[in-house]
Amino acid sequence: MHTPNILIVEDDDALRGELVELLRALGAMAIGVPDGTQAMHAWKLQPFDLVLCDYKLRAESGLDVLRALGDLAAAPAAGRCYLMTAHVDLTAAAQRDIASITTGLLHKPIDAKTLRRIVADAAEAVRC
Amino acid sequence: MLSVNYPQGFRVVLPYLWPMALLALAAATGLSAIRLIAAPGFEFYFGPLFYLLAYRWFGLRAGLVTAVATMLPSLWWWGHPMAVLLAIGHILAIDRFSGEDRSLSTVTFFYQLLVGATASLIWLNLPEPLAPEIVLDIAVRRILCETLLAACADLVLLAVLVDTTRGRVRRVRKLGLQQSIEALVSIAVAGAAMLFLLGELNHVNERLELHHEDVVSAVHALPDRNALQSGRTYWLNMHGVDTPMPFMKVASSAMGQAGPSLGCHVFDDGRGDGTGRQSLRYWLDMCYAVPLGAGKIVLVSPHGHVIDLYRSVLHGIAPLMAYLGLAQIGLMMFGASVRRSSRVLSQALLGFGRGYVTTRPTAPFREADRLVGAFIAANNEFVAFERQRVHLMRTVEELRSAIDLRLLSDIRFDAQRGELRYAKIDPTSGRRGASLAVHSGDSAHFQSLAGQSEIMVEFRRGRDQDDQWYLLIARDYDQESDSWRYGCLIRLRTAKAFQTQMRHSARLMELGGMASALSHELRQPLFTISLAAENAQLLMHSGQMDPERMAAKLGRIVEQVERANAIIQRTSSYARTERDERVDMDICQAVRNAVRFMRPVMTERDIDLQIVIPDALPVMSLPRIGIEQIIVNALQNAADSIDTRRENEEDSSIMGAVRVQVEQLDQTIVLNVQDNGAGLDPSIRSNAFNAFCTTKPEGKGTGLGLFVCRQIMDEVGGSIAIADNAQAPGATLTLRFPLAEGG
């Protein structure tokens, strides 16, 4: 089975650290970055099979980061990028935007079972 | 000493009245001794006039004494005491039946009709019966004479009043209605009847004198007069005389013996002086003596004719007497109606103002009835007005009591003592000085109001308690005395509870609006905790029990739990409604707390939140939660305003910017929350701090936020203002916290 490369964009350091550690424990190659700039930098170094990005980063929107990464990848494929959010009352417009770009929206806290499934799916899919 | 009963009912004793009373009694007795024969059989006497006046002016005993004294001459005239006894009875009857308002004449008429006439009937028929016509004529004479004299006494009494308290005689100023009418009617009717009777009696006398001549002629015209037997009774029929007259031929010397057989005791041969003819008794006892010559005379008794004549007089006077009787009965009924009207009026007058008159009493006279009706209407109007007044007074009193309303003058705030000083205006006790300690948090607010011509301010009583709120309205500021001339103070019982409730509502709404921020705040640490726990579990299952790594995982979990706990603490403090006690705090800390709370919302809405706070500020005693709530509310409003601008300009790319700045200016700490939103809506510019004033869509704003903010700022003695930015879009909310003296 292919070992997926996973990029995690999360501004909460503790959360990012734990998530990276867990995904690695699940057999993925996970790299965590706190913002869009470092995400772009990391993407330029190596493409990723899966991107998990926080919806609201400290100074930018996770959607914008995904758009930028998509532009960089020329044609982002569905099923390889997720937005993570702790918000529960997203507007319909925001949800439409998210659906148009991402594979899905993951509500924090995300349980381990879901994460395992996402990692497994990423391993089977082509790189985004 | 003479005791006198005054008619009005009070007793007076005046020593100097003795000689006056005796003199008057002597004069009255002297005048009453005059027996005036107005016509044959009609004798006038004046006793009743004097004893009735004596009774009215001086009382019962004086009346009785005068009655006996003035009627004594009748003993010599008529030879019996009946007139004296009837006079005494007359006074007693007057005393019993004649009140102050009833005339003497009416009572006199009925007394003489019932008692006087009955007594005459009995007395005159003793020892031998008289012809009823004669007795009735005498009774009528008595009734008319006494009624007329009583009416004269009434007229005198209507004009003259003897004031025994001062011993002088004066004119009566107020006439009695019933008394006047009774006296006038009596004197008119009785006078007319008496004049008629006098005329009739004089006519009878003239006819009897003429009759004598006719009798002489008739006797001389008898064809067989010389053949008449002596001592035998014959009957003489004459033209114009209904009753045949008995006559008898007797010797002149035997006239005295033969007379009684014809009922004669007096003989009239026409040669006398005629003085006896003025008496009724004369005609009843008399026989005509007609000389025939040769020592013979004819005695003719006119007794039957005399009776006929007096019967005709009686027939003539009877209708007048009936008329007089009816008039007196009418007067009695009239008097009763007058008294009833007077009673009704009196009741209406005495009952004025005591309550509604629902059952309208009826006065017999239309004029009086109209007056009573008008008076009752006026009374009911007055009572209604009075009840309204009382009701209003009670309401005002209740209101005054309920809100502790005080009307004030010379209102001044003593900053040194922290007291509101004024003169209390009380409707009952007047004007007196008083003072009310003002809560320290409100003192600065009071100081800032100096110089304003009119103020309306809510404040708390006392220095250490803040349960009791007052509203002061003061007007007409006087610069010289640094006081307001007048105003009022109202205790606001429900203000505090109401405010608390409103704040609670506002907090709940704000909490609802910030649910996403709270969710985000809590879900972040929860996710971290779950990841750390999962990693720790994997670590354990991997068999690599690195204690250092395990401790790091547990430490992270604890750290995230504390983070979540802090969030919960902060949130729950907003939801509480209990008293927000003051604590010593730095406003900057409140800003930090509020910003930390609101930052997720700002981030979510793409709003740049900038904080500019000094390194150090004086510590102030403030309600921490309240101040944080104000800042949170200001940030929420700023975010909403930025959204509104984006919608208005249809440009969602507008970057929101909110700047929170705290600075110290002299003795005031100023906190500005500036945004680049839509600015103030013109419709709420003047009433932005009023309750339920909002421009937000339904369900998004309560309209209580700024209202509650102002209440909190009022409590702490600060101020709050909002205005559009001068050079840029958006608005700025400004909070001013005055530092305590020396602070």
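Residues numbered from 1 in each chain as written. Chains lettered and ligands numbered in written order. Predicted model: local features only at pLDDT ≥ 70, side-chain atom pairs only at ≥ 80, totals over all residues.

1. Side note on the overall build of chain A
Part 1: Tallying secondary structure elements over chain A gives five helices and five strands in all.
Part 2: Secondary structure elements in chain A, listed N-terminal to C-terminal, are β-α-β-α-β-α-β-α-β-α.
Part 3: The 128 residues of chain A split such that 45% are buried.
Part 4: Across chain A, every contact between residues at least 6 apart in sequence was considered, and the portion connecting residues at least 24 apart equals 67%. (Helix = DSSP H or I, 4+ residues; strand = E, 2+ residues; numbered from the N terminus. Buried ≥ 20, exposed ≤ 12 C-beta atoms within 10 Å, placed from the backbone. Contact = placed C-beta atoms within 7 Å.)

2. Regarding the overall build of chain B
Part 1: A tally of regular secondary structure across chain B gives 19 helices and 24 strands.
Part 2: Residue burial in chain B is summarised as follows: out of 743 residues, 34% are buried.
Part 3: In chain B, once contacts between residues fewer than 6 apart in sequence are set aside, the share between residues at least 24 apart is 62%.

3. Here's the deal with the environment of Ala153 of chain B
All names here are of chain B.
Part 1: The residue Ala153 is located in helix 7 (residues 132–159) in this model.
Part 2: By C-beta crowding, Ala153 is classed as buried, having 25 other C-beta atoms within 10 Å.
Part 3: Sequence separation between Ala153 and Ser103 is 50 residues, and the spatial gap between their C-alpha atoms is 9.2 Å.
Part 4: Residues contacting Ala153, with those up to four places away along its chain left out, are Leu49, Leu52, Leu53 and Leu104.

4. Structural notes on the sheet that holds strand 13 (residues 419–426) of chain B
Residues and elements named next belong to chain B.
Part 1: If you trace the six strands from one edge of the open sheet to the other, you get 14-13-12-17-16-15, paired in antiparallel fashion. A strand with exactly one partner marks an edge of an open sheet, and here the two such strands are strand 14 (430–437) and strand 15 (454–460). With direction set aside, neighbouring strand axes in the sheet form an average angle of 30°.
Part 2: Note that strand 16 (residues 469–478) and strand 17 (residues 483–492) share nine bridges and pair antiparallel. The residue of strand 17 that forms the bridge with Ala474 is Gly487.
Part 3: On the sheet, helix 13 (residues 440–449) packs against strand 12 (406–414) and strand 15 and is oriented at approximately 175° with respect to strand 15. (Pairing = 2+ DSSP bridges. Axes fitted to C-alpha atoms, helices over the stretch in contact; angles between N-to-C directions.)

5. Digging into the sheet that holds strand 4 (residues 81–85) of chain A
Residues and elements named next belong to chain A.
Part 1: Taken together, the five strands give an open sheet; going across it, the order is 2-1-3-4-5, and neighbouring strands pair in parallel fashion. Looking at which strands have only one partner, the edges of the open sheet turn out to be strand 2 (29–33) and strand 5 (104–107). For this sheet the average axis-to-axis angle between neighbouring strands, irrespective of direction, equals 20°.
Part 2: Across five bridges, strand 1 (residues 5–9) lies against strand 2 in parallel orientation.

6. Some remarks on the nonpolar core
Residue and element names in this part refer to chain B.
Part 1: In terms of nonpolar packing, the biggest core is built from 77 residues, with Leu299 and Val300 touching the most fellow members.
Part 2: Counting residues per element, this core draws most heavily on helix 7, which supplies 15 residues.
Part 3: Taken domain by domain, this core gets at least three of its residues from each of domain 1 (13–205) and domain 2 (222–305).
Part 4: Apart from residues no more than four positions distant in its own chain, Val300 is found in contact with Val215, Val219, Leu236, Met245, Phe247, Cys287, Tyr288 and Val290.
Part 5: Of all hydrophobic cores here, the second largest spans 40 residues; its members include Leu622, Ala639, Cys709 and Val716. (Core = buried A, V, L, I, M, F, W, Y, C linked by C-beta atoms within 7 Å. Domains from an automatic or database assignment.)

7. Some words on the interface of chain B and chain A
Part 1: Listed by partner, the interface residues are 19 residues for chain B and 18 residues for chain A.
Part 2: Those elements that place two or more of their residues in the side of chain B that touches chain A are helix 15 (515–541), helix 16 (547–575) and helix 17 (587–604) of chain B.
Part 3: Of the residues contributing to the side of chain B that touches chain A, the split by class is six nonpolar, nine polar and four charged. (Nonpolar A, V, L, I, M, F, W, Y, C, P; charged D, E, K, R; others polar.)

8. What about the UniProt feature "transmembrane region" (unreviewed entry) in chain B?
All names here are of chain B.
Part 1: Summarizing the sequence annotation, UniProt attributes the feature "transmembrane region" (unreviewed entry) to residues 16–37, 49–69, 75–94, 106–126, 138–162 and 183–201 in the numbering used throughout.
Part 2: Split by type, residues 106–126 is 90% helix and 0% strand. Its first and last C-alpha atoms lie 30 Å apart.
Part 3: Overall, residues 138–162 shows 88% helix and 12% strand. The separation of its end C-alpha atoms is 35 Å. (UniProt positions renumbered as here; feature names shortened; annotations may be inferred.)

9. A few points about unusual backbone geometry
Part 1: Omega for the bond connecting Lys108 of chain A with Pro109 of chain A falls within 30 degrees of zero, at -5°, which places this linkage in the cis form.
Part 2: Along the chain, Pro109 of chain A falls in the loop between strand 5 and helix 5 (112–124).
Part 3: Here the phi dihedral of Asp410 of chain B falls at roughly 50°; this positive angle occurs in a residue that is not glycine.
Part 4: By the element assignment, Asp410 of chain B lies in strand 12.
Part 5: The phi dihedral of Asp482 of chain B is positive, around 50°, even though this residue is not glycine.
Part 6: As for its placement among the helices and strands, Asp482 of chain B is situated in the loop between strand 16 and strand 17.

10. Let's talk about the environment of Ala39 of chain A
All names here are of chain A.
Part 1: Relative to the helices and strands, Ala39 is located in helix 2 (residues 36–45).
Part 2: Separated by 30 residues in sequence, Ala39 and Leu69 place their C-alpha atoms 8.0 Å apart.
Part 3: Apart from residues no more than four positions distant in its own chain, Ala39 is found in contact with Leu7, Val9, Val33, Val65 and Leu69.

11. Let's talk about the pairing of strand 6 (residues 168–171) of chain B
All names here are of chain B.
Part 1: Where strand 5 (residues 160–163) and strand 6 come together, four bridges link them in antiparallel fashion. Bridging from a neighbouring strand, Asp163 pairs with Arg168 of strand 6.
Part 2: Between the antiparallel neighbours strand 5 and strand 6 lie four residues, among them Gly167 with a positive phi of about 70°.

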